[in-house]
Amino acid sequence: MKAMILNKITNLKKNRNPLELVDIPIPKLKENEILLKVSVCGVCHTELDEIEGRTPPPHFPIIPGHEVIGKVVEKGEKAKRFKIGERVGVAWIFSACGKCDFCLNGKENLCKDFIATGRDANGGYAEYMAVPEDFAYKIPEIFSDEEAAPLLCAGGVGYRSLKLTNLQNRQNLGLTGFGASGHLVLLLVKHKFLDSKIFVFARSKKEQEFALKLGAFWSGDTETECPGKLDAIIDTTPVWKPIVEAMKNLKPAGRLIINAIRKEEIDKEYLLKLNYAQHLWQEKEIKSVANVTRKDIEEFLKLAAEIPLQPEYQVYKLEEANIALLELKERKIRGAKVLKIEN
Ligand SMILES: [Zn+2]
Ligand SMILES: [Zn+2]
């Protein structure tokens, strides 16, 4: 099968082609696994963190990709959940131990044996992929494969972030950064919280305009003081400045959720501008979101189908994965990026 593989950690400024196109055998199944013929795989910012070593794969080569849509073409001996030909999705959670306190209490995202798709186990930048059947999801019919893929990470983790904000109707939400996850959260909030206003902070004019088009109440530059204080903020940027700048817009007891697996180091010194009185005092909180649970994904897919959410996306071929990744790195973003795998 064709696959785009990562052979080593690399610097994207120097190496414009981090992934290599190879022809490798189709994966062999364990008894609890299903084999998918992949049709679409989303491109996520976390792939950049894997490639550049902020969340490095434990072994190489690895096939990235954790927003996978495909059809079941083969089943392991004990796999019973899905039929051959059924369309399923795979997300960032490839597996968890199922036995620890976190797993038993609805927090499998925090399991110490959490295995991540496309980092610890081979993912969807390939023609075929194997996954434990318990970690695959039925995809609502209403979505095309291209629409469904970005829902699995950008949407699922965005949904978990929104849950962690504790936002209630009529409360104001800020979004700092407006890529794949930000735009899905905006659409979700507009559906769930009819009287809440959404404020979007983004660097580029294009992103700001896009936010208004999708129904943001206000959009502006990352540093701006927005008109009105916010009950919660979700940060989906890869850096630190937007967090420091956003905190001044939070109400007392407001909470900012960092929706990122890793932050980049490039502007870390900006944290020294954090002013305790202005940014943190008054019981303001900063909290991170870690990974995702199967429940998050299942709840989110159901909600997304009810709305129905229609993610904006751009399509690339599997062979163009490096181009899509570089554009993501250079923030040439409008909605989500997906690889369409022709086979
Ligand atoms: Zn992701
Ligand atoms: Zn566990």
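Scroll up to find the structure.
Residues numbered from 1 in each chain as written. Chains lettered and ligands numbered in written order. Predicted model: local features only at pLDDT ≥ 70, side-chain atom pairs only at ≥ 80, totals over all residues. Heavy atoms only, no water.

1. Description of the side chain of His-183
Its location among the elements puts His-183 in helix 4 (residues 180-192). When residues no more than four places from it in sequence are discounted, the contact partners of His-183 are Phe-178, Phe-210, Leu-214, Pro-311, Glu-312, Gly-335 and Ala-336. (Helix = DSSP H or I, 4+ residues; strand = E, 2+ residues; numbered from the N terminus. Contact = heavy atoms within 4.5 Å.)

2. Quick notes on the side chain of Asp-296
Position of Asp-296 among the secondary structure elements: in helix 8 (residues 294-306). A distance of 2.9 Å separates a polar atom in the side chain of Asp-296 from a polar atom in the side chain of Arg-160. Within the structure, Asp-296 has its side chain in polar contact with the backbone nitrogen of Thr-293 (distance 2.9 Å). Sequence-distant contacts of Asp-296, defined by excluding residues within four places in its chain, comprise Gly-156, Tyr-159, Arg-160 and Lys-163. (Polar contact = N/O pair within 3.5 Å; in protein donor to acceptor, adjacent residues only side chain to side chain.)

3. Re the environment of Met-4
Structurally, the position occupied by Met-4 is in strand 1 (residues 2-6). Expressed as a C-alpha distance, the spacing of Met-4 and Cys-111, which sit 107 residues apart in the sequence, is 28 Å. Excluding residues within four positions of it along the chain, Met-4 makes contact with Leu-19, Glu-20, Leu-21, Ile-62, Ile-63, Pro-64, Tyr-125, Leu-318, Glu-319, Ala-321 and Asn-322.

4. Quick look at the packing of helix 3 (residues 145-165) against helix 8
Helix 8 packs onto helix 3 with a crossing angle of 100° between their chain directions and a minimal axis gap of 9 Å. With respect to each other, helix 3 and helix 8 are oriented roughly perpendicular. For the pair helix 3 and helix 8, the contacting residues are Leu-151, Leu-152, Gly-155, Gly-156, Tyr-159, Arg-160 and Lys-163 in the first and Asp-296, Ile-297, Glu-299, Phe-300, Leu-301, Leu-303 and Ala-304 in the second. Grouping the constituent residues of the contact of helix 3 with helix 8 by class yields 8 nonpolar, 2 polar and 4 charged. (Axes fitted to C-alpha atoms, helices over the stretch in contact; angles between N-to-C directions. Parallel < 35°, antiparallel > 145°, perpendicular 65-115°, else oblique. Nonpolar A, V, L, I, M, F, W, Y, C, P; charged D, E, K, R; others polar.)

5. Things to note about the environment of Gly-158
Mapped onto the fold, Gly-158 is located in helix 3. The exposure class of Gly-158 is buried, given its relative accessible area of 0%. Considering only alpha carbons, one finds Gly-158 and Val-185, 27 residues apart in sequence, at a separation of 5.9 Å. (Buried < 20%, exposed > 50% of the residue type's maximum accessible area, 1.4 Å probe, protein only.)

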